[in-house]
Structure formats: C-alpha cells, structure tokens
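# Working through the structure, step by step
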Amino acid sequence: MTSAQAETDKTPEEGYERGLGSRQVQMIAIGGAVGVGLFLGAGANIAKAGPSLIFMYALAGVIIFFIMRALGELLLYRPVSGSFAEYSREFLGPFFGYFTAWTYWLMWVVTGMAELTAAAIYVNYWFPAVSQWVTALVFLVILFVANLISVKLFGEIEFWFSMVKVTALIGMIVIGLGVLTFGFSSAGDTASVANLWQFDGFFPKGIGSSLMTLQGVMFAYLAVELVGVTAGESENPEKTLPKAINTLPWRIALFYVGALTVILCVVKWTEFAPGVSPFVEAFAKIGIPAGAGIVNFVVLTAALSSCNSGMYSTGRMLRTLADNGEAPRAFSKLSASKTPAFGITISVAFMGIGVVLNYVVPEKAFGYVTSVATAAGIWTWLMILISHVLYRRAVDAGRLPASSFPAPGGAKFSYVAIAFLLFVTGLIAYDPDSRVCLYVMAGWTIALAAGWFALKSRNPQITERRNPEFEKVG
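No experiment lies behind these values; they were computed from the predicted model shown.

### Section: the overall build of the protein
Helix and strand content of the protein: 20 helices and 0 strands. Per-residue burial for the protein yields a buried fraction of 58% across its 474 residues. Within the protein, contacts between residues separated by at least 24 positions form 80% of all contacts whose residues are at least 6 apart in sequence. Summed over all atoms, the accessible surface of the protein reaches about 19100 Å², with 66% contributed by carbon and sulfur.

### Digging into the pattern of salt bridges
Within this structure, the stated rule accounts for 4 salt bridges. Arg78 is the salt-bridge partner of Glu90, the closest N and O atoms lying 2.8 Å from each other. Placement of Glu90 in helix H6 (residues 84-92) and of Arg78 in the loop between helix H5 (53-77) and H6 is noted, with a sequence separation of 12 residues between them. Of the two residues, Glu90 and Arg78, neither departs from the other in class, the shared state being buried. Residue Glu86 is joined to Arg89 by a salt bridge in which the shortest nitrogen-to-oxygen separation is 2.7 Å. On the criterion of helical spacing, the pair formed by Glu86 and Arg89 is a turn pair, its members being 3 residues apart in helix H6. Considered together, Glu86 and Arg89 belong to a single accessibility category, that of buried residues.

### Examining H6
When you tally the buried positions in H6, you get 8 out of 9 residues, the bulk of the element. Within the sequence span of H6, burial applies to Phe84, Ala85, Glu86, Tyr87, Ser88, Arg89, Glu90 and Phe91. At the C-terminal side of H6, Gly93 shows a positive phi close to 120°.

### Description of the packing of aromatic side chains
One pass over the full model with this rule turns up 21 aromatic pairs. When the ring of Phe95 is compared with that of Trp452, the centres are 5.6 Å apart and the planes differ by 75°; the resulting orientation is edge-to-face. Here Trp452 lies in helix H20 (residues 436-458) and Phe95 lies in helix H7 (residues 94-126), a separation of 357 residues in the sequence. For Phe95, a relative accessible area of 25% puts it in the partly exposed group. Plain terms: the ring middles of Trp250 and Phe255 are 6.3 Å apart, the flat faces sit at 50° to each other, and that makes the pair tilted. For Phe255, a relative accessible area of 0% gives the class buried. Within the aromatic cluster, the residues linked to one another by ring pairs are Phe95, Phe96, Tyr98, Phe99, Trp379 and Trp452.

### Some remarks on the side chain of Ser210
By the secondary structure assignment, Ser210 is in helix H10 (residues 206-211). The exposure class of Ser210 is buried, given its relative accessible area of 1%. Excluding anything up to four places from it in sequence, Ser210 contacts Ala49, Ser52, Met56 and Phe203.

### A word on helix H15 (residues 278-286)
Counting buried residues along H15, 7 of its 9 residues qualify, which places the element largely inside the surrounding structure. Looking only at H15, the buried set comprises Pro278, Phe279, Val280, Glu281, Ala282, Phe283 and Ile286. At the exit of H15 stands Gly287, carrying a positive phi of roughly 90°.

### Considering the confidence of the model for the protein
For the protein, per-residue confidence averages 80 on the pLDDT scale, and 83% of positions sit at 70 or higher. Predicted confidence in the protein is weakest over helix H1 (residues 3-10), with a mean pLDDT of 40, and strongest over helix H19 (residues 412-430), with 94. In the model, residues 1-19 has pLDDT below 50 throughout and makes 23 contacts with residues more than four positions away in sequence or in other chains. Counting contacts from residues 470-474, a segment whose pLDDT is below 50, to residues more than four positions away or on other chains yields 11 contacts.

### Details of the environment of Val372
Summarising the element assignment, Val372 is placed in helix H18 (residues 365-396). Given a relative accessible area of 9%, Val372 falls into the buried group. Measuring from C-alpha to C-alpha, the distance between Val372 and Ala114 comes to 10.0 Å, with 258 residues separating the pair along the chain. Those residues in contact with Val372 that lie beyond four places of it in its chain are Val110, Cys437 and Val440.

### Focus on the packing of H5 against H6
Taken N-terminus to C-terminus, the directions of H5 and H6 make an angle of 80°; their axes are 11 Å apart at the nearest point. By the angle between their directions, the pair H5 and H6 is classed as roughly perpendicular. On H6, the residues touching Leu71, Leu74, Leu75 and Tyr77 of H5 are Phe84, Tyr87, Glu90 and Phe91. Within the contact of H5 with H6, the residues separate by chemical class into 7 nonpolar, no polar and 1 charged.

Cut-offs and rules
Every chain is numbered independently, its residues counted from 1 as its sequence is written. Owing to the predicted nature of the model, reporting of local features is limited to residues with pLDDT of at least 70; listing and counting of side-chain atom pairs is limited to 80 or more, with chain, interface and lining totals taken over all residues. Excluded from the side-chain calculation are hydrogens and water; included are all heavy atoms of the structure. Each helix is a run of H or I in the DSSP string that is no shorter than four residues. Each strand is a run of E no shorter than two, and both are numbered from the N terminus. In this scheme, a residue with accessible area under 20% of its type's maximum is buried, one over 50% is exposed, and one in between is partly exposed, where area comes from a 1.4 Å probe on protein chains only. When checking whether two residues touch, look at their non-hydrogen atoms; a contact exists if any pair is within 4.5 Å. Per-residue accessibility takes into account occlusion by the displayed protein chains alone, with areas from the Shrake-Rupley method and a 1.4 Å probe. Salt bridges are defined as contacts in which a side-chain nitrogen from Lys or Arg sits within 4 Å of a carboxyl oxygen from Asp or Glu. Side-chain rings of Phe, Tyr and Trp (the six-membered ring for Trp) are treated as a pair once their centres are within 6.5 Å; stacked means planes under 30 degrees apart, edge-to-face means over 60, and tilted covers the remaining angles. For every residue, the predictor assigns a confidence score, pLDDT, that lies between 0 and 100. Axis lines are fitted to C-alpha atoms, over the contacting stretch for helices. Their N-to-C directions set the angle, which ranges from 0 to 180 degrees. Angular relationships are summarised with four words: roughly parallel below 35 degrees, roughly antiparallel beyond 145, roughly perpendicular across 65 to 115, and oblique for the angles in between. Gly is placed with the polar residues, together with every amino acid not listed as nonpolar (Ala, Val, Leu, Ile, Met, Phe, Trp, Tyr, Cys and Pro) or charged (Asp, Glu, Lys and Arg).

Here it is as structure tokens:
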C-alpha cells in the first residue's frame, strides 16, 4: 500500500458522494418537513384534540425553528459530517458524542419501522385482505436492495420524492380552498371555516387533551434536522444552509398549519379517526373521482421516501461511529458501489422488528414506534440546544470564533426550547400508551453505558477530548 493510499484509508469521509447542490438541499429541506407524521399521524391527533391540533403544530413549529437556528449556528462555526454527535463530543465530552450518534441511529431505525407500518396501512386502502406485516416486509426488502445499489442518485431521487410530496400537498390546499370558496364537490354544502369551532369549540376535548398530542406533533417534525447534515456536506454550506433554515417557518405555516386548517374547514374534525390519513379521508368526502386513491399513492411515496433516507442515514451514522472507534471497524468499510453496505444491512435487520410488530400488534405498531422515535429525537434536539448554549458561552468568553450565522437572541431561545422539550418528555411519561418508550430508552441507556465502559477498558484513548479541526467554509 502506498503512503497516499494509507492516508486515504485514514480519512473518515473517504468514498462518500459529495456535491449536493442548492436545488437538492432546498427540496430535501422542504420534503423533510412533510412526512408520515403529518400524512398519517395527524388522523389520531385530530381525534384527540380536534381543531386545536392546528395550534399545537404552530407552537411546536416555533420550537423547531429555534432548534434549527441553534444547529445552523453550530454548522457554520464548524461544518462536520457527524454534525450534532460531533458537537456533543466537543462541548459535552466523548461519551455524549458516542451516546448521541447511537441514539440518532436508533431514531432513524425506529422511524423506518414507523414508515414501513404507515406504508402497509396505505396499501390496505387498496388491498384490505393483505396482512400489514406482509406489505411491510416486501417494502423493507425492496428498499434494502435499492440502498445497496448506489448512493450517486440519492440527492436526485430525494429531490423528486420531495417534489411529489410538496406538489401534491399544495394541490390539496388549492382544491380545499376551492371547495370552501366556490362550494363545489359533495363536501361543498358542509365546508365552512366555522367547522373550526362549531363542534364543541376550538378545544373540544380540553387543553389537557390537546397538549397530549404534542408528542405525536413532535414526531411529525423529526428529520427536519437532517437538512443540517446534508447542507453541512453541500457544495456551499454558507449559502445553502441559512437559506434552508430561514425558509423553515413558511414551510411549517404552509404544509402543517395551512394544510390542516384547510382540511378541518372542509371536513368537520369528528369525521376523522386514528389509522386513517386525514388527507385521504378529506378527498374521499370531497368526492373527486380517484382523488383519495391519488392522495393515498402520494402519502405511500412519502413514507417510502423517508424510510429510504433512514436506511441511508443509519449506514452513514454507523460508519461515523466506527471511524471514532465507537462501533466495530466492519462498519467503516464501503462496498464496491461506495455504499456502507454492512451498516445498512444491520440497520435493516433492526428495522425488521417493525415487521414483527405489524404481525403481533398491527393496531398499535405505529403508536409504539413513533413514541420511541420521538424520545430519541428529543434527545438529539436537546444535545443540539445544550451544545449551542455551551458554544455561545465559549464565544462570549473569547475561546472560540463566532459563527457567520448567529441564532437570534443568542442562547435565550435555546433555553426556551430546552424547557419545551423537557415538558413534552413529561407528557410522554404521563401518557400510559407512550410511556413504554421511556422504558425502551432506559434500557437503551444501560446498554450504551455498558458498551462505553467496555470500549474504555479496551481503548482508553476514546475517552479523551480532541481539539476540533476547522475547515474553510464558503
């Protein structure tokens, strides 16, 4: 092996596809805000909270914006592939970097389970006789094979997947506004803005019941932080990242608050039920020929797109862990097609647990996996926010350079977001149906702690803090 080859082998990012342009980053950012949490999860939450779910999405959306501005400031201070795991390692210590990376891997694995479950539910719309677990297994195998072929088209494929989701959602909003304004379709006679308060008020089941939907609402926003990872590896992060993050409020206003408001005006909230996409249900009520089937296809595409991204992300995260000596070295190897094939294979094997859940408890599978994914996502967001607070302290003390994309208000809004996430965690603990995820996370913590002590005994150097390496941005 030549010295140049040896140096290449030491480079953690060697072999990864680079060069995501602004077009792909912007559309991935938009598509990341539109997923199964909105398309399917909103049905159960509407049944729990009625029209007040609109306010819950708006409130959570503000908090997500605070989190993304904190992440944006960190990424423009030091853009790295490991992103939040690397910042946790830098500001909180090696154990937190290790824990965050593994927990983000868990989040995507469990999110993959949720997407497979949702996809199986969507297929049941056309083929009710087919068991959920069979459909989930078929999709798991298809996406697994696709992920092993090549990563070259990842940005372009996700661009078009996102384009389908976004175009369809805008179309739904326009049609809904048409029904409200001109009264066409079978829902025209009953469609009215008054539907937002006519049936037992805006908070029909009380504020407490509305607040309990926040855990499901936060699940809907999982993956918005993924744009931070992709933008951190884009051609020009100093331009693409601020633009992607600063457009987040209008994406939330349009796709979540706007879409739900229109749907709940067209169809009264009492018509929706858990396990059914409110968008599919709304188009069925409107009576547009094949409209509900088309929407069902769109939301199926959205679920498979997210699961596809999850497979790619998990393989990448395992490779980052392996490069840091925190996972088996086998995960760091790339296949001939430049994919982290072994990491993807192991991740898909764990996603297979979702298939088992669809076999054992098909009616509860989606709720179980979304609660675990939400808990893992909350940990990731907390690490971003705490790292941001510590970074701002270091900047104020003159120990670190300032970022070119500072968060408004400094660290103040990060404190607000931290308090909000802890409040949502309390709601999860209070709800007996979602509380199981905290038991899972407790077991996960014990397993990772045991793994950390085993790593320490074999390689004490992994516990040492490393000085960050800066690279030129822009």
